[in-house]
Amino acid sequence: MWSVWRRSSGPRCMCSTRIPCGGCAAEFRTEFGTRYPNSRVAYASKAFVNPAIARIVAEEGLGLDVVSGGELAVARAADVPPDTIYFHGNNKTPEELEFALDYGIGQIVVDSFHELEVLDAIAGERGVRQDIMLRLSPGIDAHTHEKTTTGILDSKFGFSIETGDAAKAIRQAMSAANLDLVGIHFHLGSPIFELEPYELGVEVVLNYLTQFKEEGLRLEIFSPGGGFAIGYVRSEPPPQIAEYAESITKYTSRLCEELGFGTPLLVVEPGRSIVGRAGVALYTVGGIKDIPTVRKYVSLDGGMGDNIRPAIYGSEYEAVLASRMSAPPAEVVTLAGKYCESGDVLVKDITMPVVEPGDIIAIPSSGAYAPSMASNYNLNGRPAIVMAKDGDARLIRRRETYADMMMADVF
């Protein structure tokens, strides 16, 4: 199994027309920047990051959103400018916060009262004043999968407006001796195929914040997060990047002017919508099991270990017979993985040409979360990743070996 990544050489993605395109870094910068000049696009590295990707993020002029010390370590190894980094996460450890302060990152997005206290103490020990943002939970349902909805009341993320925690956190942050509250963040979930949740989120949060202006709240940065969708299947096209940008910037500009917040830096955090369509997973066909009148299973040399999304989210994908693209559709098959789970199915009941052992199956839109959520289940190594651009290709992650998987074990 291989994963192939395509890097765009122009302002638009080099994507197949089979599925609507999700966008690329340049398109995000252009669409948001032309409508709201004081904006920044910060790549959500949880979608997938390694040193090669992090360097491209910096080259493209994007900021970087990290959620762990590991992602921050990748950013540092790739020489990502620390002032462009936003550190998210609902339970950052003291060690991660120390690492962040020592690297001098731009903003830490605080997500709990415990973190407020710990970060204030760490900053005090270092004699620094750390810029922070607070993550609020506006209580808005973005109509996405229940496991990836984050802006509702019943969520582990954010200070809830409804319960009063948001007000308490804002006042505690403004009074902290070693912290400087410079902005507010919220995130509704992912992927979001509608525009209305963003508009409602911006309206709810900005109106809520007006009560703290007289207490000294400075809204220098405002972030409605990310969650921008891509097309995984033909029947579910996402909004265009321009549509997301128009909706978010229009509401932010109008409300900030009406409410007297000026023009804060607007930070959006696309992840999936930048790398999702760039990644294509390639699998080799092995065993084929035909159960008459029931189902025909085509087993591949990968599966839930390299793409867990179908198993845990019920995510749907398209697939093509890459080794014989001109072959006509002929039968309905189910593309199954090689892992010891009955639920290890990548694509269920898809019409394809006649498939034979040794054929190559390509699954597009595999660039986001598939590689970052990959595991060594059954002690299978994770696949190699190749980046391609303008006919050239280079390896950006080699295939894992058996020795790699025992590297941390103590004999």
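Here the structure is a predicted model, which means the values were calculated and not measured.

Thresholds applied
- Residues take numbers from 1 onward in each chain, read along the sequence in its written order.
- Local features in this predicted model are restricted to residues of pLDDT 70 or higher, and side-chain atom pairs are both shown and tallied only at a pLDDT of 80 or more, whereas totals for entire chains, interfaces and linings draw on every residue.
- Think of the side-chain values as coming from all heavy atoms in the structure, minus any hydrogens and water.
- Numbering of helices and strands runs from the N terminus, with a helix taken as a DSSP run of H or I at least four residues long and a strand as a DSSP run of E at least two residues long.
- It is over C-alpha atoms that the radius of gyration is taken, and the globule rule equals 2.2 Å times the number of residues to the power 0.38.
- Using a 1.4 Å probe on the protein chains alone, a residue whose accessible area is under 20% of its type maximum counts as buried, one over 50% counts as exposed, and one in between counts as partly exposed.
- In what follows, a contact means two residues having at least one pair of non-hydrogen atoms within 4.5 Å.
- Accessible surface area values rest on a Shrake-Rupley calculation with a 1.4 Å probe, where residue burial reflects the displayed protein chains alone.
- Under the convention used here, Asp and Glu are negative, Lys and Arg are positive, and both His and the chain ends fall outside the count.
- To locate a charge, take NZ of a lysine, CZ of an arginine, CG of an aspartate or CD of a glutamate.
- How far a helix is expected to stretch is found by multiplying one less than its residue total by 1.5 Å.
- Only C-alpha atoms enter the line fits that serve as axes; for helices the fit covers just the stretch in contact. Angles between N-to-C directions range over 0 to 180 degrees.
- Roughly parallel refers to an angle under 35 degrees, roughly antiparallel to one over 145, roughly perpendicular to one between 65 and 115, and oblique to any angle outside these ranges.
- Left-handed describes a crossing whose near helix is turned anticlockwise from the far helix through less than a right angle; right-handed describes the clockwise counterpart.
- Three categories are distinguished: nonpolar for Ala, Val, Leu, Ile, Met, Phe, Trp, Tyr, Cys and Pro, charged for Asp, Glu, Lys and Arg, and polar for the others, with Gly belonging to the last.
- Polar contact criterion, stated in full: a pair of N or O atoms within 3.5 Å, where within protein one must be able to donate a hydrogen and the other to accept it, and residues adjacent in sequence count only if both atoms are side-chain atoms.
- A patch is a set of surface residues, each over 30% in relative accessible area and not in a salt bridge, joined within 9 Å for like charges and within 5 Å for the nonpolar side chains Val, Leu, Ile, Met, Phe, Trp and Tyr.
- The term salt bridge refers to a side-chain nitrogen of Lys or Arg lying within 4 Å of a carboxyl oxygen of Asp or Glu.
- UniProt positions are given in the numbering used here, feature names are shortened, and annotations may be inferred rather than shown by experiment.
- For Phe, Tyr and Trp, rings pair up if their centres lie within 6.5 Å, where Trp contributes its six-membered ring, and each pair is then called stacked (planes under 30 degrees apart), edge-to-face (over 60) or tilted (otherwise).
- For a lysine, the NZ atom is tested; for an arginine, the CZ atom; a charge sits over a ring if that atom is within 6 Å of the ring centre and within 35 degrees of the ring normal.
- In this description, a nonpolar core means a group of buried Ala, Val, Leu, Ile, Met, Phe, Trp, Tyr and Cys residues linked to one another through side-chain atoms lying within 4.5 Å.

Assigned secondary structure in the protein chain consists of eleven helices and 18 strands. For the protein chain, whose C-alpha radius of gyration is 22 Å, the value lies close to the compact-globule estimate of 22 Å for 411 residues. Over its C-alpha atoms, taken along the principal directions, the protein chain stretches across nearly 70 × 55 × 40 Å. The burial tally for the protein chain puts 55% of its 411 residues in the buried class. Restricting to contacts in the protein chain with at least 6 residues of sequence separation, those with at least 24 account for 69%. For the protein chain, the computed accessible surface area is about 17,600 Å², with 51% contributed by carbon and sulfur atoms. If the 38 positive side-chain charges of the protein chain are averaged to one point and the 53 negative ones to another, these points end up 5 Å apart.

In this section: helix H8 (residues 241-259). Note: α-helices contain 3.6 residues per turn, so residues at a spacing of three or four share the same orientation. Taking 1.5 Å per residue, 19 residues should reach 27 Å; H8 reaches 27 Å between its end C-alpha atoms and fits that length. Turning to H8, its buried residues are Ile 241, Tyr 244, Ala 245, Ser 247, Ile 248, Thr 249, Tyr 251, Thr 252, Leu 255, Cys 256 and Leu 259. Note on H8: the residue one or two positions beyond its end, Gly 260, has a positive phi of about 80 degrees.

Relative orientation of the contacting elements helix H4 (residues 94-103) and helix H5 (residues 113-126) amounts to 45 degrees, with a least axis distance of 10 Å. One way to sum up the angle between H4 and H5 is to call them oblique. Both H4 and H5 take part in a crossing whose hand is right-handed. Within the contact between the two elements, H4 uses Pro 94, Leu 97, Glu 98, Leu 101 and Asp 102 and H5 uses Glu 115, Val 118, Leu 119, Ile 122, Ala 123 and Arg 126. Taken together, the residues of the contact of H4 with H5 break down into seven nonpolar, no polar and four charged.

Time to look at the environment of His 88. Tracing the chain through its elements places His 88 in the loop between strand S4 (85-87) and H4. By relative accessible area, which is 5% here, His 88 ends up buried. Separated by 43 residues in the primary sequence, His 88 and Ser 45 place their C-alpha atoms 11 Å from one another. Reaching out from His 88, the side chain makes a polar contact with the side chain of Glu 269 at a distance of 2.8 Å.

A separate point is a nonpolar patch on the surface. On the surface, Tyr 402, Met 406 and Phe 411 cluster together to form a nonpolar patch covering roughly 470 Å² of accessible area. One can find Met 406 in the segment after helix H11 (402-405). Look at Met 406 and you get partly exposed, because its relative accessible area is 40%.

Feature annotation in UniProt assigns "active site" (unreviewed entry) to the following positions: Cys 340. Within the element layout of this structure, Cys 340 appears in the loop between strand S14 (331-336) and strand S15 (345-352). On the basis of relative accessibility, which here comes to 62%, the residue Cys 340 falls in the exposed class. Setting aside residues up to four positions removed in sequence, Cys 340 forms contacts with Tyr 377 and Asn 378.

With that settled, consider unusual backbone geometry. Cis rather than trans, the peptide bond between Ser 190 and Pro 191 has omega equal to -5 degrees. Relative to the assigned elements, Pro 191 resides in the loop between strand S8 (179-185) and helix H7 (196-209). The backbone of Asp 79 shows a phi angle near 60 degrees, a positive value even though the residue is not glycine. Classification of Asp 79 as exposed rests on a relative accessible area of 63%.

What follows covers the packing of aromatic side chains. According to the stated counting rule, one finds eleven aromatic pairs in the structure shown. Both rings, one in Phe 113 and one in Phe 159, keep their centres 5.0 Å apart while their planes meet at 65 degrees; by these two values the pair is edge-to-face. Separated by 46 residues along the polypeptide, Phe 113 in helix H5 and Phe 159 in strand S7 (residues 159-160) bring together distant segments of the chain. Assigned by exposure class, Phe 113 and Phe 159 land together as buried. With centroids separated by 5.7 Å and ring planes inclined at 80 degrees, the aromatic side chains of Tyr 198 and Tyr 244 adopt a geometry described as edge-to-face. Remark: Tyr 244 occurs in helix H8 and Tyr 198 occurs in helix H7; sequence separation between them is 46 residues. The exposure class assigned to Tyr 198 is buried, which follows from its relative accessible area of 1%. Classification of Tyr 244 by relative accessible area gives buried; the value is 0%. Three or more aromatic residues link up through ring pairs in this structure, and these residues are Phe 28, Phe 32, Tyr 198, Phe 228 and Tyr 244. Positioned above the aromatic ring of Phe 261, the side-chain terminus of Lys 213 is 5.3 Å from the ring centre. The lysine or arginine in question, Arg 254, covers the ring of Tyr 251, its NZ or CZ lying 5.3 Å from the ring centre.

As a further point, take the nonpolar core. Of all hydrophobic cores here, the largest spans 85 residues; its most connected members are Tyr 43, Leu 116, Leu 134, Leu 206 and Leu 209. The biggest single contributor to this core is H8, with eight residues. When residues no more than four places from it in sequence are discounted, the contact partners of Leu 206 are Leu 219, Phe 222, Thr 252, Leu 255, Cys 256, Leu 259 and Phe 261. Judged by nonpolar contacts, the second largest core, of 20 residues, contains Ile 230, Tyr 232, Tyr 283 and Leu 335.

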